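What follows is each chain in one-letter form.
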Amino acid sequence: MSNNILKDITILYEDQDCLVINKPAGLMVHPDGRAEGPFLTDWIIEHYPSTKNVGEGMRGQKGEELDRSGIVHRLDRETSGAMIIAKNQDAHSFLKKQFQDRLVHKKYLVFVWGEVKEEFGTINRPIGRSGRDFRKYSAQRGARGEMKDAETYWTKISDVETMIDGVNQKFTLLEAEPRTGRTHQIRVHFNAVNHPVVSDLLYAPKKPLVLGFDRIALHSVYIKFFTIQGNEVEVKAPLPDDFKNAIKSLGIESLKTL
């Protein structure tokens, strides 16, 4: 992957202790000992070198120390949008506790397959490892290992119909609010209720790439948290081009919940 993707990172908020960036889709947050960079941590170290040892230690498959400079939480490689980065250890600990106490409020925009009939709802299903694929997680029968509680609130923004390869298909644009922070949570939860995320080749491999998305149709659009000084911060991440184009082409006139 080209280092040019690092140039697409923009800062949405910044103070003396932390910043919120708009992560582009396709950028992995930190090394895992397997994937090639660049990584978001490369950008962080370049622009904020004092964060090099901020955060929690992590090691790769061979025991090598991996860099997680300032990373408090993460987004999947293909997910875009708002993400908090800590500048110092005090801020990292403070923000980490907010996530653990479920005080950080996050909202995502997501296109899913099918018509979601209700206007709002909650998916409350524990998540474990997939029994079939080590890369995946599951909120269905056959999941293995520790089952961790997971809760996702959602609100319908719009349901639409469009022709895909000569067949009329239904899709729904939702605002999802994960109240827990499990890996792949939104993707796993909507897959479990038979509304997989659009263009998610891991959880819906038999479905085609549609609506102009060549990546998972998931964007972290809003985040709210408190600073060490006690100030409440709300940040909105602008829509990437693929979301803008899909919303326009489908004739969705307003994002009423944002």
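Up top you'll find the structure we're talking about.
This text gives an overview of the structure that appears in the document. (Residues numbered from 1 in each chain as written. Predicted model: local features only at pLDDT ≥ 70, side-chain atom pairs only at ≥ 80, totals over all residues. Heavy atoms only, no water.)

**Regarding the packing of aromatic side chains**
This is how the line gets drawn: Within 6.5 Å between ring centres, the rings of Phe, Tyr and Trp (the latter by its six-membered ring) count as paired, and their orientation is classed by plane angle as stacked under 30 degrees, edge-to-face over 60, tilted in between. Three labels apply to residues, based on accessible area from a 1.4 Å probe with only protein chains included: buried if under 20% of the type maximum, exposed if over 50%, partly exposed otherwise in between. Secondary structure elements follow DSSP: runs of H or I no shorter than four residues count as helices, runs of E no shorter than two count as strands, and numbering proceeds from the N terminus. Only lysine NZ and arginine CZ atoms are considered, and such an atom sits over a ring when it is within 6 Å of the ring centre and within 35 degrees of the ring normal.
Here the structure, examined in full by the defined rule, presents six aromatic pairs. When the centroid spacing of 6.1 Å and the interplanar angle of 55° are considered together, the rings of Trp43 and Tyr48 count as tilted. The burial state of Trp43 is the same as that of Tyr48; both residues are buried. A centroid spacing of 4.8 Å and a plane angle of 50° characterise the contact between Trp113 and Phe171, whose relative ring orientation is tilted. Remark: Phe171 occurs in strand β12 (residues 167-178) and Trp113 occurs in strand β6 (residues 105-113); sequence separation between them is 58 residues. For the pair formed by Trp113 and Phe171, the shared burial category is buried. Aromatic ring contacts, followed pair by pair, group Phe111, Phe213 and Phe243 into a single cluster. Its guanidinium or amino end placed over the ring of Trp113, Lys207 lies 4.5 Å from that ring's centre, counting from NZ or CZ.

**Structural notes on unusual backbone geometry**
Even without being a glycine, His184 presents a positive backbone phi close to 60°. Classification of His184 by relative accessible area gives buried; the value is 14%. Backbone geometry places Asn194, a non-glycine residue, at a positive phi of 65°. Locating Asn194 in the fold gives a position in the loop between α3 (185-192) and β13 (218-226). Note on Asn194: relative accessible area 64%, which makes it exposed.

**Description of the nonpolar core**
Which entries qualify depends on this criterion: Nine residue types can take part in a nonpolar core, namely buried Ala, Val, Leu, Ile, Met, Phe, Trp, Tyr and Cys, and a core is a set of them joined through side-chain atoms within 4.5 Å. Two residues qualify as a contact provided that any one of their heavy atoms is within 4.5 Å of a heavy atom in the partner residue.
With 48 residues, the main nonpolar core has Leu40, Trp43, Phe111 and Val198 as its most contacted residues. Not counting residues within four places of it along the chain, the set of residues in contact with Leu40 comprises Ile9, Ile21, Leu27, Met28, Val29, Ile71, Met83 and Ile85. Of all hydrophobic cores here, the second largest spans 16 residues; its members include Phe99, Val104, Phe225 and Val235.

Spatial relationships are all this shows, so hold off on functional conclusions.
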